[in-house]
Amino acid sequence: MSIEYPKIVIASENSSIVYFSERPCDRTSDQISFTANTLKDRLGLDLIDLIPSYHSLLVIYNPQRFGYQKIEQEIRDTIAQWTASNQSRKGRKVELPVYYNPESGPDLQSIADHSDLSIDEVIELHQQTEYTVYAMGFAPGFAYLGEVDERIAMPRLATPRHNVPQGAVAIADRQTAIYPSQSPGGWNLIGLCPISLFNADKQPHSPMQVGDKLRFKSISRDEFMQLGGSEQSLLGEIT
Amino acid sequence: MMGFEVINPGMHCLLQDKGRVGYHSLGITSGGAFDQYSFGWANRLCLNDDNAGCIEILIGGLIIESQVSTQIAITGADIPIKINDSTVENWCTHNIQPGDKISFGYATAGCRSYLAIAGGIQAPLIFNSLSTVVREGLGGLTQLGTPLEKGDILTCSSNSHSTQRSVPAKYHCEFDTDIAEIRIVTGYQYEQFSQQTKQFFATDYVISPNSDRMGYRLEGPAIEMPRCEMLSEGISLGAVQLTADGMPIILLCDRQTIGGYPKLGSVFSLDIARLAQMMPGQKLCFKPLSIDQAQHLLQKSAP
């Protein structure tokens, strides 16, 4: 059964979800960014919110002003304007420093064992890939990045940790992410990022947004501390 | 800062407005008053802006003492209320003098009450809203997502006592006692899960004790789910998701913004206020509502 894209489906009385492709890819990410930005201009205050994700965009609108057929037409007209050459907004390139070390990344050893690589090779593979920010969710500022090299893909922990420190860089299957605040979590921890990933009272609220390209850069323990990394997040906070 | 001092914070009281809008792409949920219907009436009674801050009182136990002269209104659940030693009604305004003590008992029907104060309760806005979302650590009096605590001050201005107003009884909340029928706008993956959707609409459920503003878990016979791999996608208010164990969860005002379980559609917004007044143990069944019917009903209910 083949599905024609874009596919637009009702989600609720005031939202429709647009699927752009079967699997996420750069073209899909670009179409999602373009559609989101263009709809903001076209619908103004009648657009309530947007949730971009891997291969979809949830469009939440004011149902007192638009019926679902009208919204579907707006979405289709918008996507029809997209062309690969006139991309609205190229994702920015963002680089974030990470202190990769068993003291900051307690699961580095198990990933190395699982993949039959050395810890240094795991670190090298993680930082040589350019990742796409596919979605933000789970917690404010939590960005889902993909995809990690399949050699270091690693299933989630059987039992999630109660307490993952702020800034923890982690892997789950072929996804990678940074925990923006201390929280429970089941991803494999490989390092710590000293940069704050979510500020409620400062612009920008997050150093990245959906559609951006991200690279990690390995730093030393000293550099980590100089950039504002905390000794606390290194010592015994992981339970 | 003047206002009302919290003498007893009750079981779980949250400062709420209509919620956060426009920040889902950062992963920030909507929050906001769970029963928007009762919340709206509380503000209307006090002649407030429709987004003014109110206290959402879960079950009860709250005691506050006024430092100002103003007017208040309480709507929502059936709950005993006293001003000093006198028993007073909800769904109407009350004039308040400095030193007056307002005490809430415990809800006898429904479970969420809304307390509005003339001019609204003031707090700094985070992402354009003062809504308290405990899970995100955002909003409320502290801006850190904390519920009311003893000694907190609900900041508000003094207001002259104006005419008393009340809501006609026919507009008060009606509380579901028997099996509540909740309308679902079918959508998302319901076509791929047509067998499961049919079973869902034919089943009576009970709200699990493990339910809160983030989501209501439902208990009932498990629906058999095929193994499925889905990419995480945006979640609308009221979305009904089926987890791998075949149990439905209704995702509500403090929901996560994205998730990867299949969904059959979303609860019709006018029924979300009814869900807000239901306690664990309440029986539910579901009825499909087409998008045409839903949008038609919304047009009719528009102010």
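Analysis parameters
- Along each chain, residues carry numbers from 1 onward, in the same order as the chain's sequence is written.
- Key to labels: chains lettered from A, ligands numbered from 1, both in the order written.
- Local features in a predicted model are, by the rule used here, given only for residues with pLDDT of at least 70; side-chain atom pairs are given and counted only at 80 or more, and totals for whole chains, interfaces and linings are based on all residues.
- Segments assigned H or I by DSSP are reported as helices when at least four residues long, segments assigned E as strands when at least two residues long, and all are numbered from the N terminus.
- For the radius of gyration, the atom set is restricted to C-alpha positions; the globular benchmark scales as 2.2 Å times the number of residues to the power 0.38.
- The burial label depends on the number of other C-beta atoms within 10 Å of a residue's C-beta. Counts of 20 or more mean buried, 12 or fewer mean exposed, and intermediate counts mean partly exposed, with C-beta atoms placed from the backbone.
- Two residues qualify as being in contact provided that their C-beta atoms, derived from the backbone, are within 7 Å of each other.
- A helix is expected to span 1.5 Å multiplied by its residue count minus one.
- Relevant arc is that of directions from the helix axis to the C-beta atoms, nothing else.
- Where each domain begins and ends follows an automated or database-derived domain assignment.
- By the convention adopted, Pro, Cys, Tyr, Trp, Phe, Met, Ile, Leu, Val and Ala count as nonpolar, Lys, Arg, Asp and Glu as charged, and the other residues, Gly among them, as polar.
- Each nonpolar core reported here comprises buried Ala, Val, Leu, Ile, Met, Phe, Trp, Tyr and Cys residues connected via C-beta atoms within 7 Å.
- Between any two strands, at least two bridges found by DSSP are needed for them to pair.
- Where helices are involved, their axes are fitted lines through C-alpha atoms of the stretch in contact, as for all axes, and angles between N-to-C directions lie from 0 to 180°.

**Comments concerning the overall build of chain A**
For chain A, the helix and strand inventory stands at six helices and 13 strands. For 239 residues, the compact-globule formula gives about 18 Å, and the C-alpha radius of gyration of chain A, at 20 Å, lands near that figure. Its C-alpha atoms put chain A at 55 × 45 × 35 Å along the principal axes. Relative to its 239 residues, chain A shows a buried fraction of 46%. For chain A, restricting intrachain contacts to residue pairs at least 6 apart in sequence, the fraction spanning at least 24 positions comes to 63%.

**Considerations on helix H2 (residues 68-80) of chain A**
End to end, H2(A) covers 18 Å across 13 residues, agreeing with the expected 18 Å (1.5 Å per residue, within 8%). For H2(A), the full list of buried residues reads A:Tyr68, A:Ile71, A:Glu74, A:Ile75, A:Thr78 and A:Ile79. Each buried residue of H2(A) lies within a common arc of 130 degrees when the element is viewed along its axis, so the set occupies one face. Away from its buried face by more than 90 degrees, H2(A) exposes A:Gln69, A:Lys70, A:Arg76, A:Asp77 and A:Ala80. Those residues of H2(A) that are buried lie in contact with strand E1 (7-12), strand E2 (15-19), helix H1 (26-43) and strand E4 (56-61) of chain A together with helix H4 (291-301) of chain B.

**Here we look at unusual backbone geometry**
A cis amide bond links A:Tyr5 to the next residue, A:Pro6, at an omega of -5 degrees. Backbone torsion omega between A:Gln203 and A:Pro204 reads -10 degrees, so that peptide bond is classified as cis. One non-glycine residue, B:Leu47, lies in positive phi territory at about 55 degrees. Summarising the element assignment, B:Leu47 is placed in the loop between helix H1 (36-45) and strand E3 (54-58). With a phi close to 65 degrees, B:Gln143 is a non-glycine residue in the positive phi region. Relative to the helices and strands, B:Gln143 resides in the loop between strand E10 (109-117) and strand E11 (153-155). Taking the number of C-beta atoms within 10 Å as the measure of exposure, B:Gln143 has 17 and is therefore partly exposed.

**Concerning the domain arrangement of chain B**
Many authors give the size of an interface as the accessible area that is lost as the parts come together. All names here are of chain B. The domain architecture assigned to chain B consists of domain 1 (3-171) and domain 2 (180-301). Using only C-alpha atoms to locate each centre, domain 1 and domain 2 end up separated by 28 Å. Contacts between domain 1 and domain 2 engage 18 residues on the former and twelve residues on the latter. Mapped by element, the contributors of at least two residues to the side of domain 1 that touches domain 2 are H1 and E10. Considered class by class, the residues forming the side of domain 1 that touches domain 2 number five nonpolar, ten polar and three charged.

**Some details on the nonpolar core**
Formed by 148 residues in total, the largest nonpolar core has its most connected members in A:Val59, B:Ala42, B:Cys54 and B:Ala116. The contacts of B:Ala116, once residues within four sequence positions are left out, are B:Ala42, B:Asn43, B:Leu45, B:Cys46, B:Asn48, B:Ala52, B:Cys54, B:Ile72 and B:Ala73.

**Focus: the sheet that holds strand E9 (residues 101-104) of chain B**
All names here are of chain B. Across the sheet, which stays open at both edges, the six strands sit in the order E7-E6-E9-E4-E1-E11 with antiparallel pairing between neighbours. Of all strands in the sheet, those bounded by a partner on one side alone are strand E7 (86-88) and E11. Each strand axis lies, on average, 25 degrees off the axis of its neighbour in the sheet, ignoring direction. Here strand E1 (residues 3-9) pairs with E11 via three bridges, running antiparallel. For phenylalanine 4, the partnering residue across the bridge sits in E11 and is leucine 154.

**Overview of the interface of chain A and chain B**
Taken together, the contact between chain A and chain B spans 35 residues of the former and 34 residues of the latter. Those elements that place two or more of their residues in the side of chain A that touches chain B are E1, E2, strand E3 (47-52), E4 and strand E6 (131-136) of chain A. If you tally residues by element for the side of chain A that touches chain B, the top one is E3(A), at five residues. Along the lines of polarity and charge, the residues of the side of chain A that touches chain B split into 22 nonpolar, eleven polar and two charged.

**Some thoughts on the environment of B:Met214**
Residues and elements named next belong to chain B. The topology assignment puts methionine 214 in the loop between strand E13 (205-207) and strand E14 (215-219). With 39 residues separating them along the chain, methionine 214 and cysteine 253 place their C-alpha atoms 6.0 Å apart. In contact with methionine 214, other than residues within four places in its own chain, are Arg135, Leu252, Asp254 and Arg255.

**Some details on the domain arrangement of chain A**
Residue and element names in this part refer to chain A. Along its sequence, chain A is carved into domain 1 (7-80) and domain 2 (93-234). Placing the centre of domain 1 and that of domain 2 at their C-alpha centroids yields a distance of 30 Å. With eight residues of domain 1 at the interface, the matching set in domain 2 holds five residues. The leading source of residues in the side of domain 1 that touches domain 2 is H1, at four residues. Here the residues of the side of domain 1 that touches domain 2 sort into four nonpolar, three polar and one charged.

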